[in-house]
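Residue-level structural notes
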Amino acid sequence: MSLIEKTATELLALQAEGKASALEIADAFLAASAAREPKLKSFMLAPDADAVRTRAKAIDAARAKGEPLGKLAGVPVAVKDVLCTKGIRTTCSSKMLENFVPPYDAHAVERLKTEGAIIFGKTNMDEFAMGSSTENSAYHTTRNPWDTTRVPGGSSGGSAAAVAGCQAPLSLGTDTGGSIRQPAALCGIVGMKPTYGRVSRYGLIAFASSLDQVGPFAHDVTDCALMMEAIAGHDKRDSTSVNESVPAYTRTVNDPVKGLRIGVPKEFFGQGLDAEVEASVRAALKEYEKLGATLVDVSLPHSPYALAVYYIVAPAEASSNLARFDGMHYGHRTATKGDLIATYSKSRGEGFGPEVQRRIILGTYVLSSGYKDAYYLKALKVRRLVKKDFDDTFATCDVVMGPTTPTAAFKAGEKSDDPLALYLSDVYTVSCNLAGIPGLSIPCGFTKTGLPIGLQLLGTPFAEEKLLRVARMYEAATDWHTKRPVV
Ligand code: GLN
């Protein structure tokens, strides 16, 4: 296996054993990311080779001197372009922020740097994280490394494609309604959305603040645990960051959960679920039974409403969050001369793409007087019921499992003219965000045509440690996570 196909854990071991230097690793990924980029287009901003190499040399020098090194020393990590990076352009894949260079790092980025990681480019995404295919980027469409005629999922499609396509061993994404788990599933890698409050949102450009979470993409569960150790934890700059201690996830990740009870919600296996996806997910559940787990039939009776609730709450919050981009306070300003209102509307009309405009209009509508009770406030009530369904279910089981997505990766362009069809691809992922619970997607098979399939695992708040152990049980018994696409 070449360097670029290795996991972060393996790359750390190679460095510790003196078999590879941080510089060799950096050079291997720089070469691979450049060579594969014309096909995959994972990056919004390619890694800065000079900066990457300088940082790698500094890590090697520190190691040679016997200085203490961080958990991720010398490991390249690509970062979704929605997270602020000090001195590095951060666009949200929007024309609105085309020239925005943040003066500070997002908390998660800061943590990665402290742990010795090498920030390795900014990845492409759906504009302002709104989408499920990365086709809503204002710049270019990212491709799925398993089949470049297909989408990588979204909105963190660039981060998923970069890891799946071995352009970087790890990456950061964000998940508001599935934007880490869905692309992880479609690209055949591991992706985790932590509990709301587990990872600070400081420096994350807000989409829907009550739903947004930052999380990792990795080739396997062990690497995911490693990234979680680095980025989780309290940060007083995010008022919703929770002061809960962060377990040493990597230390326990190989401990199986005894007497594991898996809730299998009937609502996750209904109409619209592709037969091949269902077969792989059911086979994974069988594998868990072989490992000693008990499957429990459960119901999440309000989950059929989750998608509708999400597409009211998320746009409502987005319409308010995105109000700051008016060409005066923040963002692109039109060159056309006019009064204040004309400048606002021209700037926003030019700066925001069609999907972002659609969300702002939807969000403004559901919050407007006369409609707020009927839509927004009603949605909040149903959101509470979605959460209660999980509370009830977790009284009888440790985790809930089902498919991450209803289908494998779809063709680029297939759903771009039909926003509703695209929204439907989030049907299994949004309830996790509405409830604030942690969730992850792990690879559990391939379709006959060679497209990856994801298994979704959901847990109780702040039970990431258990969730990772449960995920690792299956991974240790299977080899899906060892597969790499031919790019
Ligand atoms: N696909 C969903 C949306 O478009 C989720 C996006 C996300 O999680 N950022 O809203």
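Quick look at the structure, then. (Residues numbered from 1 in each chain as written. Predicted model: local features only at pLDDT ≥ 70, side-chain atom pairs only at ≥ 80, totals over all residues. Heavy atoms only, no water.)

Spatially, the 11 strands line up as an open sheet ordered β1-β3-β2-β4-β6-β5-β10-β11-β9-β7-β8, and their pairing is mixed. Two strands bound the open sheet, and with one partner strand each, they are β1 (43-45) and β8 (294-298). The mean angle between the axes of side-by-side strands here comes to 35 degrees, regardless of whether they run parallel or antiparallel. With 4 bridges connecting them, strand β2 (residues 76-80) and strand β3 (residues 118-123) associate as parallel partners. (Pairing = 2+ DSSP bridges. Helix = DSSP H or I, 4+ residues; strand = E, 2+ residues; numbered from the N terminus. Axes fitted to C-alpha atoms, helices over the stretch in contact; angles between N-to-C directions.)

It is worth spelling out the site of the ligand at this point. In the vicinity of the ligand, 15 residues are found, and the nearest of them are T176, G177, S179, Y310 and R359. Contact between the ligand and S132: a nitrogen atom at 2.8 Å from a side-chain N or O atom of the residue. With respect to the ligand, the side chain of Y311 contributes an N or O atom lying 3.4 Å from an oxygen atom. A total of 290 Å² of accessible area belongs to the ligand in isolation, and the protein chains cover 100% of it. Tallied by class, residues from the shell around the ligand come to 5 nonpolar, 7 polar and 3 charged. (Near = heavy atom within 4 Å. Polar contact = N/O pair within 3.5 Å; in protein donor to acceptor, adjacent residues only side chain to side chain. Areas by Shrake-Rupley, 256 points an atom, 1.4 Å probe, with all protein chains shown as cover. Nonpolar A, V, L, I, M, F, W, Y, C, P; charged D, E, K, R; others polar.)

The topology assignment puts E475 in helix α16 (residues 464-477). At 2.8 Å, the side chain of E475 forms a polar contact with the backbone nitrogen of V221.

Okay, the nonpolar core next. Counting 107 residues, the largest nonpolar core has L112, F128, L172, Y288, I442 and L457 as its most contacted members. For this core, the element with the highest residue contribution is helix α10 (residues 306-321), accounting for 10 residues. Once you skip the residues sitting within four places of it in the chain, L112 turns out to touch L72, V77, A117, I119, L172, M227, A230 and I231. Membership of the second largest hydrophobic core comes to 22 residues, among which are A20, V52, I59 and A73. (Core = buried A, V, L, I, M, F, W, Y, C linked by side-chain atoms within 4.5 Å. Buried < 20%, exposed > 50% of the residue type's maximum accessible area, 1.4 Å probe, protein only. Contact = heavy atoms within 4.5 Å.)

What follows concerns unusual backbone geometry. Cis peptide bonds are those with omega within 30 degrees of zero, and the linkage from G154 to S155 qualifies with 5 degrees. In this fold, S155 is placed in the loop between β3 and α5 (157-164). Residue K41 is not a glycine yet carries a positive backbone phi of 50 degrees. Relative to the helices and strands, K41 is located in the loop between α2 (22-40) and β1. You will see that T134, though not glycine, has its phi angle at about 70 degrees, which is positive. As for its placement among the helices and strands, T134 is situated in the loop between β3 and α5.

In this structure the tally under the stated criterion is 16 aromatic pairs. With 6.5 Å between their ring centres and 85 degrees between their planes, F325 and F352 make a pair best called edge-to-face. Highlighted residues: F325 in the loop between α10 and α11 (340-351) and F352 in the loop between α11 and α12 (354-367), separated in sequence by 27 residues. Residue classification places F352 among the buried positions, given a relative accessible area of 4%. (Phe/Tyr/Trp six-rings, centres within 6.5 Å; stacked < 30°, edge-to-face > 60°.)

We now examine the pattern of salt bridges. All told, the structure shown has 24 salt bridges when counted by the stated rule. With a closest N to O distance of 2.7 Å, D105 and K113 form a salt bridge. Three or more residues are tied together by salt bridges with common partners; here these are E110, D235 and R237. (Salt bridge = Lys/Arg side-chain N within 4 Å of Asp/Glu carboxyl O.)

Before going further, it helps to examine the environment of L170. Mapping L170 onto the fold places it in strand β4 (residues 170-175). Placed 162 residues apart in sequence, L170 and A8 show a C-alpha to C-alpha distance of 7.0 Å. With sequence-adjacent residues up to four places away left out, L170 is seen in contact with A8, L72, V75, P76, V77, A78, V163, F217, A218, D223 and M227.

Let's shift gears to the side chain of T393. Among the secondary structure elements, T393 is positioned in helix α13 (residues 373-393). If we skip the residues at most four places from it in the chain, T393 touches V298, S299, L300 and V400.

A disulfide bridge is the covalent bond that connects two cysteines by way of their sulfur atoms. For the structure on display, the rule yields 0 disulfides. Residue C84 stays outside any disulfide, its sulfur separated by 7.8 Å from that of C92, the closest cysteine. Residue C187 stays outside any disulfide, its sulfur separated by 12 Å from that of C166, the closest cysteine. (Disulfide = S-S within 2.5 Å.)

Most of helix α7 (residues 221-231) is tucked away, with 11 of its 11 residues classed as buried. All of the buried residues in α7 are V221, T222, D223, C224, A225, L226, M227, M228, E229, A230 and I231. The N-capping residue of α7, defined by a side-chain oxygen 3.4 Å from the backbone nitrogen of T222, is D220. Of the residues trailing α7, G233 is marked for its positive phi of about 125 degrees.

Just distances and angles here, no functional claims.
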